[in-house]
Amino acid sequence: MIPTIDHSSSALVDENEKNEVMENLEPLAAKPSSPRPKKKSRTEKEKAEIIPEPEFTTVDHIPLTTHTDSFGSDPIPVSWSHPDPLIRGPVICTVRHSAQRNAIGAHQGSYCIYTGLAVAAGKLDPDYVPDLRLTSPVFKIGPYPSWSDPKKISALDPFGHLTTTAYKDYLDKGWDIRPTIAVTKAHIDLPECREAVATGRLKADGKILLPSGQSICSKAAIEPVWYLPEIARRFQTTESNLRRSIFRMTNGMYPELITRPDIKIFLPPIGGLTIYIWGDPETIPDEDIELTCRVHDECNGSDVFGSDICTCRPYLTHAIEECIRTAQNGGCGIVIYFRKEGRSLGEVTKYLVYNTRKRQEGGDSAETYFNCTEQVAGVQDTRFQALMPDPLHFLGVTKIHNFISMSDMKYNAIVNSGIKIVNRIEIPPDMVPEDAQVEITAKVFHGYNAGKAYQGIDANTLKETKGRDFGYNKE
Ligand SMILES: [Zn+2]
């Protein structure tokens, strides 16, 4: 028998109850300075009523999910978007509690397979429960009202970094609950920032930017956690069609997508994202304090190895400089780095497209830039920005003063999710690498927000803009 789970959305949550819960979460609340009446915390008896006893799966037992009563037969109830983490319920996706699991998939995104390898190689005890005692966030994020709005957050777990506090009582009872978000700090050292200090583009302040060119930032790594009904809504399809399509296109990797429509949470085996913040993260929700932001999709070839066929790394480092500048002026700068390599088609597809671009009749041309991807992959782009704004809402963003991007898809997704954008900043033309003229010209011609710097690109420019000829056809 399939058990019932409460999937009530925030619309069903009483407003007063919501406010009360947000206050109960202090000292994690957004603005601790604002005076609020002290709420009494839950008694041990109340907690015992909410938190069930864990059931443990034995190592040797392999529960096939096609057998009834094996996977999620007694799932911990989840009420997605409820502002109280205990009522919302923890996301249980560990192998230790297979009967009580309330999520499909596995932790660690695409790295979950390596965990299987580690067990196969005898390097990891499959019963090992992580020691999370020293892992809690080193700075505070939320809670924010956006956390209880599924239209704003359904692609990550907003309590994913608060496992050791919000679900402490579960951990104390022996539950194996894994954080899906980790929050830490870093010093980062980029040659572009060193150059910016050396040439005077940026001035070291000793706090955010050191004379060496190193900058000091806060960061958070996030694994995707999808609430399937809302993911389907954002893709303008039905939940059952979404489940069927993923099942089919992964060769049936997740049968529970089909067999367990009552389990609404999916940890997909895809790359996650990293948030980098310069300045004080607590200023982010304040619309009067300047906020600079770039949402960057991974491009390993350019970002790390400096390939000149695209504008990715220069645009990224330009954004980092602008973030540092904003932080130095008392504001905050955010870069969100998504693992969406090659427009989420992957690096193999990307290089196949490069070869097609260079080999096609007439060579690499701005005119055929978008067609080549479609010719190889059947689709121009699978990044689908509909889920992209969630980490912004996780941070409490409601207004971006400087948006460092020319992409209309990104701009529209953010604005349609309820965040205001004031200025849109294009990449300075002198930062566009030689072989990337094809990309920038094609994008500007096809309606990317180009600003004043790229005016005058017409059909003729499109025709005339050619990329480097490697002579592949002569080999
Ligand atoms: Zn690139």
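Since the structure is predicted, the reported quantities are computational estimates derived from the model, not experimental observations.

S.K.: Even after reading the chapter, I still don't get the overall build of the protein, so can you show me in this structure?
M.R.: Per the secondary structure count, the protein includes 19 helices and 10 strands. Every one of the 475 residues in the protein was classed for burial, and the buried ones make up 41%. The long-range share in the protein, meaning contacts at least 24 apart out of those at least 6 apart in sequence, stands at 73%.

S.K.: What exactly am I supposed to notice about the packing of helix 14 (residues 347–359) against helix 15 (residues 369–377) here?
M.R.: As a packed pair, helix 14 and helix 15 sit with axes 9 Å apart at the nearest point and diverge in direction by 125 degrees. One element, helix 14, and the other, helix 15, form an angle in the oblique class. At the point where helix 14 passes helix 15, the crossing takes the right-handed sense. In this structure, helix 14 uses Thr349, Leu352, Val353, Thr356 and Arg357 to contact helix 15, whose residues at the interface are Cys372, Thr373, Gln375, Val376 and Ala377. Grouping the amino acids of the contact of helix 14 with helix 15 by side-chain chemistry returns 5 nonpolar, 4 polar and 1 charged.

S.K.: When you look at the sheet that holds strand 10 (residues 420–424) in this model, what are you seeing that I'm missing?
M.R.: Across a sheet, strands are paired by hydrogen bonds formed along the backbone, either parallel or antiparallel in direction. As summarised here, the arrangement of the 7 strands in space is 2-3-6-8-7-9-10, forming an open sheet in which the pairing is mixed. Edge positions in the open sheet fall to strand 2 (181–188) and strand 10, since each of these has one partner strand only. Neighbouring strand axes in the sheet, compared pairwise and without regard to direction, differ in orientation by 25 degrees on average. Pairing between strand 7 (residues 291–297) and strand 9 (residues 399–403): 2 bridges, direction parallel. The partner of Thr292 across the bridge, within strand 9, is Asn402.

S.K.: How do you make sense of the pairing of strand 9 when you look at a structure like this?
M.R.: On a regular strand, one side chain projects to one face of the sheet and the next to the other, so that they alternate. Relative to strand 10, strand 9 is paired through 4 bridges, and the arrangement is parallel. Paired with Phe403 across the strands is Arg424, a residue of strand 10. With respect to chirality, the unit in which strand 9 leads through helix 17 (residues 408–416) into the neighbouring parallel strand 10 is right-handed.

S.K.: Got a minute to help me understand unusual backbone geometry in this structure?
M.R.: A negative phi angle characterises most non-glycine residues, just as the trans form characterises most peptide bonds. Note that the residue after Gly142, namely Pro143, is joined by a cis bond; omega there is 5 degrees. Non-glycine residue Gln236 carries a positive phi angle of around 50 degrees. Of note, the phi angle at Asn251 is positive, near 55 degrees, even though the residue is not glycine.

S.K.: Would you explain helix 15 in this entry?
M.R.: For helix 15, every residue scored as buried is listed here: Tyr369, Cys372 and Thr373. Taken around the axis of helix 15, the buried residues stretch over an arc of 95 degrees, which confines them to a single face. Of the surrounding secondary structure, the elements contacted by the buried residues of helix 15 are helix 13 (341–344), helix 14 and helix 18 (437–445). Gly378 lies just past helix 15 and shows a positive phi near 85 degrees.

S.K.: Honestly, the environment of Leu210 in this entry has me stumped. Any pointers?
M.R.: Here Leu210 lies in the loop between helix 7 (191–199) and strand 3 (215–222). Once the C-alpha coordinates of Leu210 and Arg194 are considered, the two residues, 16 residues apart in sequence, prove to be 9.4 Å apart.

S.K.: What should I look at first to understand the sheet that holds strand 4 (residues 226–227) in this one?
M.R.: Sheet architecture is open: 3 strands sit in the order 1-5-4, paired in mixed fashion. Of all the strands in the sheet, just strand 1 (103–105) and strand 4 have a single pairing partner and so form its edges. Sheet analysis places strand 1 next to strand 5 (residues 265–267), joined by 3 bridges and oriented parallel. The residue of strand 5 that forms the bridge with Ala103 is Ile265.

S.K.: Please explain the nonpolar core as it appears in this structure.
M.R.: Ranked by internal contacts, the top residues of the largest apolar core, which has 100 residues, are Ala103, Ile265 and Ile334. For this core, the two domains that each supply at least three residues are domain 1 (10–178 + 226–266) and domain 2 (184–221 + 271–474). If sequence neighbours within four positions are ignored, Ile265 has contacts with Val78, Val91, Asn102, Ala103, Ile104, Val225, Trp226 and Tyr227.

S.K.: I tried to follow the confidence of the model for the protein on my own but got confused; where do I start?
M.R.: Close inspection of predicted coordinates is inappropriate in any region flagged by low pLDDT. On average, the protein scores 88 in pLDDT, and the residues at 70 or more come to 88%. Here residues 1–14 is modelled with pLDDT under 50, and outside its nearest four sequence neighbours on either side it reaches 25 contacts, counting other chains as well. Predicted confidence is poor over residues 21–35, with pLDDT under 50, and the contacts of this stretch with residues over four places away or in other chains come to 23 contacts.

S.K.: So what exactly am I meant to see when it comes to helix 14 here?
M.R.: The α-helix advances 3.6 residues per turn, and as a result positions three or four apart in sequence lie on the same side. With 13 residues, helix 14 extends 18 Å from end C-alpha to end C-alpha; this agrees with the ideal 18 Å at 1.5 Å per step. By the burial criterion, the buried members of helix 14 are Lys350, Val353, Tyr354 and Arg357. One face of helix 14 carries all of its buried residues, which in axial projection span an arc of 105 degrees. Buried-residue contacts for helix 14 involve helix 13 and helix 15.

S.K.: So what exactly am I meant to see when it comes to the environment of Tyr369 here?
M.R.: Take Tyr369: it is sitting in helix 15. Tyr369 gets classed as buried once you count the C-beta atoms within 10 Å, which come to 23. Ignoring sequence-local partners within four residues, the contact set of Tyr369 consists of Val438, Glu439 and Ala442.

S.K.: Sorry if this is basic, but what is going on with the environment of Ser365 here?
M.R.: Tracing the chain through its elements places Ser365 in the loop between helix 14 and helix 15. On the neighbour-count criterion, Ser365 (21 C-beta atoms within 10 Å) is buried. With 97 residues separating them in the primary sequence, Ser365 and Leu462 have C-alpha atoms 7.6 Å apart. Residues within four places of Ser365 in sequence aside, it is in contact with Val438, Thr465 and Lys466.

What counts as what
Residues numbered from 1 in each chain as written. Predicted model: local features only at pLDDT ≥ 70, side-chain atom pairs only at ≥ 80, totals over all residues. Helix = DSSP H or I, 4+ residues; strand = E, 2+ residues; numbered from the N terminus. Buried ≥ 20, exposed ≤ 12 C-beta atoms within 10 Å, placed from the backbone. Contact = placed C-beta atoms within 7 Å. Axes fitted to C-alpha atoms, helices over the stretch in contact; angles between N-to-C directions. Parallel < 35°, antiparallel > 145°, perpendicular 65-115°, else oblique. Left-handed = near helix turned anticlockwise from the far one by under 90°. Nonpolar A, V, L, I, M, F, W, Y, C, P; charged D, E, K, R; others polar. Pairing = 2+ DSSP bridges. Right-handed = clockwise from strand over helix to strand, strands pointing away. Arc of directions from axis to C-beta. Core = buried A, V, L, I, M, F, W, Y, C linked by C-beta atoms within 7 Å. Domains from an automatic or database assignment. pLDDT = per-residue confidence, 0-100. Expected span 1.5 Å × (residues − 1).

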